[in-house]
Amino acid sequence: MNRTVSNSTSASRKAASKIAGALGLAVVLSLALALGVAAIARADVPDTRFCTADSDLVASPGGGFPYVVSLRDGANAPVANSTVVLDFTTAPGVSLCSDQDADADRRILMLTNGAGIATFYVKAGGATAGYVTIGTAIDVIRHAHFVTTDFDGNMTVDATDRTTLAGLVGGAGPAGDLDKNGVVNATDQALFEAHFGNNCTTTGAVPMTWGRVKSLFR
Ligand SMILES: [Ca+2]
Ligand SMILES: [Ca+2]
Ligand SMILES: [Ca+2]
């Protein structure tokens with residue numbers, strides 16, 4: 001009887017030892033797998049901790065205002081040829097020109113260049129209480145205020161919009177602050193005039209230097 005018990009105990013110990021060994025191996029394998037995944041994640045996959053995008057997205061029905069998104073990986077190196085998504089589903093009230101959103105899903109996509117940069121010239125108008133969601137194909141980078149020359153969203157930069165902008169002068173934006181410097185003033189009005197009359201079929205205005213803008217409206 002004692003002998004049987006002793007054998008049984010020994011067998012239990014052996015089994016326990018085997019289980020412990022298997023568990024140890026599983027932990028080691030899990031760690032190795034996790035480290036491997038981490039190593040893969042660092043290279044050429046955008047890491048939102050290092051990606052940048054401006055807090056204000058300025059648009060105009062004719063385009064012309066650059067919005068720059070930079071994708072970088074976990075080692076803070078640029079990620080080329082990777083998708084950037086401007087998602088307007090979180091900004092109800094904004095109208096996009098159909099040539100920029102042919103599938104009408106309220107998302108504009110672009111691939112980054114060799115420097116990891118995607119520069120959008122968003123053609124849109126209207127006003128929203130929401131935000132534009134800026135992201136990679138997977139992650140959210142940030143939410144951005146929507147700013148436009150076309151306040152009433154009739155997709156033409158017109159006299160009605162001019163009156164609205166005049167009413168915003170002296171404020172801090174973001175509405176009306178077309179150069180994103182934190183104040184709505186004559187410089188923004190000059191930028192507005194540079195886009196006056198533009199609509200969705202207008203070729204986007206070439207971004208101008210401030211010197212050029214000033215010389216035009218001197
Ligand atoms: Ca789309
Ligand atoms: Ca308008
Ligand atoms: Ca301004």
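None of the values given here were measured: they were computed from a predicted structure.

1. A word on the confidence of the model for the protein chain
No. 1: For the protein chain, the average pLDDT comes to 85, and 73% of its residues sit at 70 or higher.
No. 2: Per-residue pLDDT stays below 50 along residues 209-218; that stretch engages in seven contacts with residues further than four places along the chain or on separate chains.

2. A look at the sheet that holds strand β3 (residues 66-70)
No. 1: Taken together, three strands build an open sheet; the order of strands is β1-β3-β7 and the sheet is antiparallel. Strands with a single pairing partner mark the edges of an open sheet, and in this sheet they are β1 (52-53) and β7 (117-121).
No. 2: Of the strand pairs in this sheet, β1 and β3 are connected by two bridges, and their pairing is antiparallel. Counted as the bridge partner of Thr 52 is Ser 70 from β3.

3. Some details on unusual backbone geometry
No. 1: Cis geometry marks the peptide bond from Gly 173 to Pro 174; its omega dihedral reads 5°.
No. 2: For Pro 174, the location among the structural elements is in the loop between α2 (159-168) and α3 (186-194).
No. 3: Here the phi dihedral of Arg 106 falls at roughly 65°; this positive angle occurs in a residue that is not glycine.
No. 4: Mapped onto the elements, Arg 106 comes out in the loop between β5 (94-96) and β6 (107-111).
No. 5: In this model, Met 155 sits at a positive phi of 65°, which is unusual for a non-glycine residue.
No. 6: Within the secondary structure, Met 155 sits in the loop between β10 (140-148) and α2.

4. What to know about the sheet that holds β10
No. 1: Pairing in this open sheet of five strands is mixed, and the strands run β2-β10-β9-β4-β6 from one edge to the other. Looking along the sheet, the strands with just one partner apiece sit at the ends: β2 (56-59) and β6. Ignoring strand direction, the axes of neighbouring strands in this sheet form an average angle of 30°.
No. 2: Bridge count between strand β4 (residues 83-87) and strand β9 (residues 132-136): four bridges; the pairing is antiparallel.

Definitions and limits used
Residues numbered from 1 in each chain as written. Chains lettered and ligands numbered in written order. Predicted model: local features only at pLDDT ≥ 70, side-chain atom pairs only at ≥ 80, totals over all residues. pLDDT = per-residue confidence, 0-100. Contact = placed C-beta atoms within 7 Å. Pairing = 2+ DSSP bridges. Helix = DSSP H or I, 4+ residues; strand = E, 2+ residues; numbered from the N terminus. Axes fitted to C-alpha atoms, helices over the stretch in contact; angles between N-to-C directions.

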